[in-house]
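# Chain and residue survey
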Number of protein chains: 2
Amino acid sequence: MGKSITHKIIEKHLVSGEMIPGREVGLRIDQTLTQDATGTMAWLQFEAINIGKVRTDLSVSYVDHNTLQMGFRNPDDHRYLRTVAARSGAVFSPAGTGICHQLHLENFAKPGATLIGSDSHTPTAGGIGSMAMGAGGLSVALAMAGEPYFIPMPKVVKVHLTGALTGWAQGKDVILHLLGLLTVKGGVGKVFEYGGPGVASLSVPDRATITNMGAELGATTSIFPADARTREFLEKMGRGSDFTELSADADAAYDEIIEIDLGALEPLVAQPHMPDRVCRVSELAGKAIDQVAIGSCTNSSYSDLKNTAQILAGRRIPPSTDLLISPGSKQVMKLLAREGLIEPLLDAGARVLECTCGPCIGMGGSPVSAGVSVRTFNRNFEGRSGTQDGQVYLASAQTAARLALDGKFTDPATWGDAPERVELPAEVPSIRDLFVFPPAGDDAESVEILRGPNIVALEEFDALPAAIETTVALKVGDNITTDHILPAGAEITALRSNIPAISQYIFSRVDKEFVSRIKGLGGGIIVGGENYGQGSSREHAALGPRHLGVRAVIVKSLARIHRANLVNFGILPLLLVEPGDYDRLEQDASLTIPAAGIKPGNTVAIRLANGESVAVTNDLTKKELEIIQSGGLLNAVRNNQS
Amino acid sequence: MGKSITHKIIEKHLVSGEMIPGREVGLRIDQTLTQDATGTMAWLQFEAINIGKVRTDLSVSYVDHNTLQMGFRNPDDHRYLRTVAARSGAVFSPAGTGICHQLHLENFAKPGATLIGSDSHTPTAGGIGSMAMGAGGLSVALAMAGEPYFIPMPKVVKVHLTGALTGWAQGKDVILHLLGLLTVKGGVGKVFEYGGPGVASLSVPDRATITNMGAELGATTSIFPADARTREFLEKMGRGSDFTELSADADAAYDEIIEIDLGALEPLVAQPHMPDRVCRVSELAGKAIDQVAIGSCTNSSYSDLKNTAQILAGRRIPPSTDLLISPGSKQVMKLLAREGLIEPLLDAGARVLECTCGPCIGMGGSPVSAGVSVRTFNRNFEGRSGTQDGQVYLASAQTAARLALDGKFTDPATWGDAPERVELPAEVPSIRDLFVFPPAGDDAESVEILRGPNIVALEEFDALPAAIETTVALKVGDNITTDHILPAGAEITALRSNIPAISQYIFSRVDKEFVSRIKGLGGGIIVGGENYGQGSSREHAALGPRHLGVRAVIVKSLARIHRANLVNFGILPLLLVEPGDYDRLEQDASLTIPAAGIKPGNTVAIRLANGESVAVTNDLTKKELEIIQSGGLLNAVRNNQS
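None of the values given here were measured: they were computed from a predicted structure. (Residues numbered from 1 in each chain as written. Chains lettered and ligands numbered in written order. Predicted model: local features only at pLDDT ≥ 70, side-chain atom pairs only at ≥ 80, totals over all residues. Heavy atoms only, no water.)

Secondary structure summary: chain A contains 20 helices and 26 strands in total. Computed over its C-alpha atoms, the radius of gyration of chain A comes to 26 Å, within 12% of the 26 Å expected for a compact globule of 642 residues. If you line up chain A on its principal axes, its C-alpha atoms span 85 × 55 × 50 Å. Burial statistics for chain A: of 642 residues in total, 63% are counted as buried. Of the roughly 21800 Å² of accessible surface on chain A, 49% is carried by carbon and sulfur atoms. Each charge class in chain A can be summarised by its mean position, and for the 58 positive and 71 negative side chains these summaries are 1 Å apart. (Helix = DSSP H or I, 4+ residues; strand = E, 2+ residues; numbered from the N terminus. Rg over C-alpha atoms; globule rule 2.2 N^0.38 Å. Buried < 20%, exposed > 50% of the residue type's maximum accessible area, 1.4 Å probe, protein only. Areas by Shrake-Rupley, 256 points an atom, 1.4 Å probe, with all protein chains shown as cover. Lys, Arg positive; Asp, Glu negative; His and termini not counted. Charge placed at Lys NZ, Arg CZ, Asp CG, Glu CD.)

Okay, here's the thing in structure tokens:
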């Protein structure tokens, strides 16, 4: 039986586990990327592992999410990222150089290589055959330290493409079609692998748009073969030597096959507030549009913007519609400049913003109240635009540009001839000199890592003692979310590089006295009810309590991701054997946890000060328990590496 | 005796008063400009005057200060400004078109015309011989309504220029030299009028830099003659017909004469934290530079940025120095694009930002903690950059670009040959189509003014009753500032288009119960001590109390600008005849003010509920008292116009 591309790459990078869907596999990671929003914590964690230089083939630290530099914290973060990269052997991409995924595709991604990035749209590099996955910051830090990346072995879905796109249809319409078909939950646990005779008709930017937005299917990743078009793309990027041909065997087995006739696609749009609420553009004809935004890691390539310029050339968007354009990289900007394509954008009335994520992550560009905004981005969740009642629609760059001229949704049948499909010119300018490459060899050791007052190194956590003499520092009820544990909001988020500072907000919306109380106690535990820790994946909701001296939580049940974060940062997640015992654990009660006696799945007795005891169990694996005993995953890794 | 340019223009526009220094003169205003930060309130005030269309020759509403659009309030403000301009016969300049002063110079300013703008750097237009002054929002609203603008008749200082700039010295160095000589208080009550044989050697952008930053001298304004270079500039802008020759008579009288030999100037820099802390660049040689920012209304012209590109071409700034460039207008951007000057900027590592004020007003681009930032801007006040301990230096664009390459201050003697002085090319592209011109005639009446939920029309205030039966709603001590009355900060400032909402914060840092108490009382008065209302000029510190029903303040003494704002919004500023009576006016005391009996400078008795009385006086002019009696300046104007 032949192999899929996915199986070939996983097999080649397999460090542990069996390739049976659902079973955990450990993969060797060739490349990593981080961006600034998640990057400072990932790099602080990498520093805490204390192994000196990155052990990947390549690690790149991009600044693209928050580049506004409003106040000292943001530029201090950027300076930290620049200097820690130089010291650690990583490449640094300064603010304004471009969007991480577009830059990585143009400059670094390789067919057949594994890549993880602390950003969910890392699969963009799948457009040239890289197996590229989004991951949490600590996973990326560990991959930089040479540790494997663990995932459940995915199922592989073949998306069999036939025909070729016609008229105004674009790569974006392929993925919007799939989203309409499968919904945002349709890809969980799966890799979408593209194949069939239609592949050759798709340009690399179209492919990258498709794999990028495979993230919205919930997929592990998406991947295209590396073929003649891939080779041509890499050659034009000055990276012909990075090319390796990559294709599935003719008789490869797949868990599922989906067929798409590219020739049957027409311009589509995802309606508010979910990327899978897809309809034909023509169905919305007549609806007024307040804003159009072109850019983001999904659609900010040279071809997207050249098409945009061709559509806008010689015309003027109506004053009642704002048009924002964020090129994906300085290479894209240079190509536009060289071909005289900036003036047509300006003359049409467009605002040409810096080469960053910009409005896609709510860094400006919010629509007016209840405003209709057509965006080439990948997500249209309610409120994500920064305007709670904004109505965001997702479309291709060509569709967006055409609609901007009309100032309202119109039927593509009225649009006339589509612009020619854009190919890269023979000569593509390099922006390689704009990356900051790390100094060679020993020179890196003389680099001083510069931290602002808001950047605080991760503390070293101590190992779990044999017995924990402690106090119930807080008792909470059912369904406590990570927002209860650590609220979001601009004020608190600005402290993400500073665990001691951000810890002052732990449980601040639940109990204003909590922080001063647990400090007075010199640490403590939390008692909770069902579904403790539901919500976001923020690591700070475990890091903060750990900083304050929380060594265990005793609850009725736990949410999955927060449980993993508790393990990673060395907090015991204990489960009440008798849910009714919840009533016997009062706030301020003193107790002793026999930590040395805890084994995977066993039951131990917690002794209360009054002589009674409460039975607790756990669902920890042996590996997880070892992590907690060593004080957290970073300690465990350090122990293994020393 | 001959006349200065200043006297010629004032004489031609004189509506009232005598041209004797210090005496109030009323001037007819030909043009106005507003920007978004002050513009929404100015336009709400203009709407409240209710005269339909602007009565100036030209009024332009620019959006350049806050263009980030983080959340709905900012884009809603922009939409309001666009629609109220269309309805009112004003020109609208959308976000990203450019910086108001650069755009006004290129597109609208006229020699010999009067211009007031709700921005302190309006004197930029003095570079082509416009008498251009910064003013408060209500003054601009009144000028738009055809009312005169009142100023104390200024003294006129002739700045007699000889020689010509050499080497790296630029227009910026002329004004930095003057600031070093005269200090930031040296220009109060004066117009700086440039003349002498050196004028002909200065380009229009150099002249505009000089008049722009005359604001830092505290001057009323600064002005250059309109000569052959002015004519050439206007012709290249497609506005040859706007040219009028303008020069001082050979025997003009001046109050003061300052001589500057342009040939003797060298690159200068203003040190932290004041524009008059000027030294030679060479004196700072060796000091490391974290950031360089080129742009702002002072130095963002085509010549500034072409010089910058020439200096940077083929070189790379060190990674430890960030370089931010904000072109002054889309015309500048188009010229750079047309001449292939964008690529050299990108290749050098510069971040090319949108055509807005940007970092100059703290909208991003803050330096790192304690960072050294060299900026081509006009102000380097402590904390203005957004980084409280940032060390900001002011210099010309050429100096800034050269220092960026070195990553530290260096001696200009080591810089080699200066780039050639830049002249505009023969063909300058127009961006006239990017302005939104108002519909002609009756069509304007069909324009709907669009307000977001945060934009609330100014209420109409009622006239002063004959007797005010009221209560002391708050009693405060000495030296109450406008920050006490209405705090600053992002949360509150975002409500500047919404008086009812912002009024909820009146005295919030002094007495949290104040707002609910005065609402319960249905209005009241404030009792204060010495120097009541010191600090900023914010109109909201009078508008908010008036909204809450404050009809009078009774104090020992008043700060000048707040007193004027109280008058403008119809609040009686009463002074205790006996300061000791302060102790007899307790919070919650009921009293009656015999408002009908108040005459300029007279004394009236306020009757307390216990039968006693307190004597108060005033220092109001007849005109001021009439304004208060009609309920505020807007009512007074409406009464006069009906």
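Residue and element names in this part refer to chain B. On the basis of which strands lie adjacent, the open sheet formed by 3 strands has the order S1-S2-S8 and antiparallel pairing. Of all strands in the sheet, those bounded by a partner on one side alone are strand S1 (14-16) and strand S8 (149-152). Sheet twist, expressed as the mean angle between neighbouring strand axes with direction ignored, is 45°. Inspection of the sheet shows S1 paired to strand S2 (residues 24-27) by 2 bridges, in the antiparallel sense. From the neighbouring strand, Leu14 faces S2, where its bridge partner is Leu27. (Pairing = 2+ DSSP bridges. Axes fitted to C-alpha atoms, helices over the stretch in contact; angles between N-to-C directions.)

This part covers the pattern of salt bridges. All names here are of chain B. Scanning the model with the defined rule gives 66 salt bridges over all chains in all. For the salt bridge of Asp249 with Lys8, the shortest nitrogen-to-oxygen distance reads 2.9 Å. You can see Asp249 sitting in the loop between helix H8 (228-236) and strand S12 (256-261) and its partner Lys8 sitting in helix H1 (residues 5-13), a full 241 residues away along the chain. Given the relative accessible area of 26%, Lys8 is considered partly exposed. Glu216 is the salt-bridge partner of Arg379, the closest N and O atoms lying 2.8 Å from each other. Residue Arg379 is located in the loop between strand S18 (372-375) and strand S19 (391-394), and its partner Glu216 is located in the loop between helix H7 (204-213) and strand S11 (221-223); the two are separated by 163 residues in the primary sequence. (Salt bridge = Lys/Arg side-chain N within 4 Å of Asp/Glu carboxyl O.)

The next subject is the confidence of the model for chain A. Summing up the model confidence of chain A, the mean pLDDT is 95 and the portion of residues at 70 or higher is 99%. Taken together, the chains of this predicted complex give a pTM of 0.93 and an interface ipTM of 0.92. (pLDDT = per-residue confidence, 0-100.)

This paragraph deals with the interface of chain A and chain B. Residue-level contacts link 47 residues of chain A with 46 residues of chain B. Counting the surface lost from both chain A and chain B, the interface buries some 3800 Å², and carbon and sulfur atoms represent 52% of this. Counting the surface chain A buries against chain B, the share from its top three residues, Glu343, Leu346 and Arg351 of chain A, is 16%. On the surface where chain A and chain B come into contact, there are 8 salt bridges. (Contact = heavy atoms within 4.5 Å. Buried area = accessible area lost by both parts, 1.4 Å probe.)

Here the focus is the state of the cysteines. If you walk through the whole model with that rule in mind, you get 0 disulfides over all chains. Looking at the unpaired Cys100 of chain B, the closest cysteine sulfur is the one in Cys357 of chain B, lying at 6.0 Å. (Disulfide = S-S within 2.5 Å.)

Before going further, it helps to spend a moment on empty space enclosed by the protein. Within this structure, the stated rule accounts for 13 cavities of 30 Å³ or more. In this structure, the largest cavity spans a volume of roughly 470 Å³. Lining the largest cavity we find 30 residues, and of these Leu68 and Glu354 of chain A together with Leu68, Leu353 and Glu354 of chain B sit closest to its centre. Of the residues contributing to the lining of the largest cavity, the split by class is 11 nonpolar, 15 polar and 4 charged. Reported here for the second largest cavity is a volume of approximately 350 Å³. Lining the second largest cavity we find 27 residues, and of these Pro319, Thr321 and Asp322 of chain A together with Arg82 and Pro94 of chain B sit closest to its centre. Secondary structure elements with two or more residues in the lining of the second largest cavity: strand S16 (322-325) of chain A together with helix H3 (73-88) of chain B. (1 Å grid on protein atoms, 1.4 Å probe; cavity = no way out; pocket = protein on both sides within 12 Å on 5 of 7 lines; lining within 4 Å. Points joined across faces, edges and corners; volume = space filled by probe spheres on them. Nonpolar A, V, L, I, M, F, W, Y, C, P; charged D, E, K, R; others polar.)

Let us now look at the packing of aromatic side chains. All names here are of chain A. In total, this model carries 14 aromatic pairs over all chains according to the counting rule given. On the numbers, 5.1 Å between centres and 80° between planes, the contact of Trp168 with Trp415 is edge-to-face. On the criterion of sequence distance, the pair formed by Trp168 in the loop between strand S9 (155-162) and helix H6 (171-182) and Trp415 in the loop between helix H12 (397-406) and strand S20 (468-475) is long-range, its members being 247 residues apart. Both residues of the pair, Trp168 and Trp415, belong to the buried class. Measuring from centroid to centroid gives 4.6 Å for Tyr194 and Phe224, while their planes differ by 5°, and the two rings are stacked. Of the two residues, Tyr194 is situated in strand S10 (residues 190-195) and Phe224 in the loop between strand S11 (221-223) and helix H8 (228-236); the sequence distance between them amounts to 30 residues. The pair formed by Tyr194 and Phe224 is uniform in burial state, with each residue classed as buried. (Phe/Tyr/Trp six-rings, centres within 6.5 Å; stacked < 30°, edge-to-face > 60°.)

The next thing to look at is unusual backbone geometry. In the segment running from Pro272 of chain A into His273 of chain A, the intervening peptide bond is cis, with an omega of 0°. Among the structural elements, His273 of chain A can be located in the loop between strand S13 (268-270) and strand S14 (278-280). Of note, Asn531 of chain A is a non-glycine position whose phi angle comes to about 55°, a positive value. Mapped onto the fold, Asn531 of chain A is located in the loop between strand S21 (524-527) and helix H17 (540-547). Of note in this structure, Ser296 of chain B is not a glycine but carries a positive phi near 80°. Note that Ser296 of chain B resides in the loop between strand S15 (291-294) and helix H9 (302-312).

Turning our eyes to something else, we now look at H6 of chain A. Residues and elements named next belong to chain A. The terminal C-alpha atoms of H6 lie 17 Å apart, and with 12 residues this matches the ideal 16 Å at 1.5 Å per residue to within 8%. For H6, the complete set of buried residues consists of Gly171, Lys172, Asp173, Val174, Ile175, Leu176, Leu178, Leu179 and Leu182. Note on H6: the residue one or two positions beyond its end, Thr183, has a positive phi of about 70°. (Expected span 1.5 Å × (residues − 1).)

To summarise the sheet geometry, strands pair through backbone hydrogen bonds and adopt either a parallel or an antiparallel arrangement. Residue and element names in this part refer to chain A. Taken in spatial order, the 7 strands line up as S20-S21-S22-S23-S26-S25-S24 and close into a barrel, and their pairing is mixed. Adjacent strand axes in the sheet meet at a mean angle of 40°, parallel and antiparallel pairs treated alike. Two strands pair when backbone bridges link them, and strand S22 (residues 550-555) and strand S23 (residues 572-576) are joined in this way by 4 bridges, in the parallel orientation. Residue Ala552 lies in a different strand from S23, and its bridge partner there is Leu572. Relative to the sheet, helix H16 (residues 514-521) contacts S20, S21 and S22, its axis offset from that of S20 by approximately 165°.

Another point: H1 of chain B. Listing the buried residues of H1 of chain B in full gives Ile5, Thr6, Ile9, Ile10 and His13 of chain B. Considered in projection along H1 of chain B, the buried side chains sweep an arc of 120° and stay on one side of the axis. (Arc of directions from axis to C-beta.)

Interface size, as often reported, equals the accessible area lost upon joining of the parts. Residues and elements named next belong to chain A. Each assigned domain of chain A is listed here: domain 1 (5-264), domain 2 (270-411) and domain 3 (468-641). Taking only C-alpha atoms, the centre of domain 1 and the centre of domain 2 are 24 Å apart. Each partner contributes residues to the interface: domain 1 has 32 residues there, and domain 2 has 35 residues. Summed over the three residues of domain 1 that lose the most area to domain 2, namely Ile99, Trp168 and Lys172, the buried surface amounts to 22% of that side. Across the contact surface, domain 1 and domain 2 share 1 salt bridge. Where domain 1 meets domain 2, there are 17 residue pairs in polar contact (both at pLDDT 80 or more). (Domains from an automatic or database assignment. Polar contact = N/O pair within 3.5 Å; in protein donor to acceptor, adjacent residues only side chain to side chain.)

Of the transformation placing chain A onto chain B, the axial shift is 0.0 Å and the rotation is 180°, giving an RMSD of 0.1 Å. Overall, the copies show the geometry of a two-fold rotation axis. A shared binding surface is used by both copies, with 98% of the interface residues of chain A retained as interface residues in chain B. (Least-squares fit on C-alpha atoms with pLDDT ≥ 70 in both.)

Along the chain, the position of Asp581 of chain B falls in the loop between strand S23 (572-576) and strand S24 (590-593). In this view, Asp581 of chain B contacts Leu576, Val614 and Ala615 of chain B; residues no more than four positions away in its chain are not counted.

So, about the side chain of Glu193 of chain A. Residue and element names in this part refer to chain A. Mapped onto the fold, Glu193 is located in strand S10. For the buried Glu193, no salt bridge exists, and the shortest N-O distance to an oppositely charged side chain is 7.5 Å, to Lys158. A polar contact is formed between the side chain of Glu193 and the side chain of Thr6, at a distance of 2.6 Å. Among all residues touching Glu193, those that are not within four sequence positions of it are Ser4, Ile5, Thr6, Val156, Val157, Lys158, Val159, Ile223, Ala248 and Tyr254.

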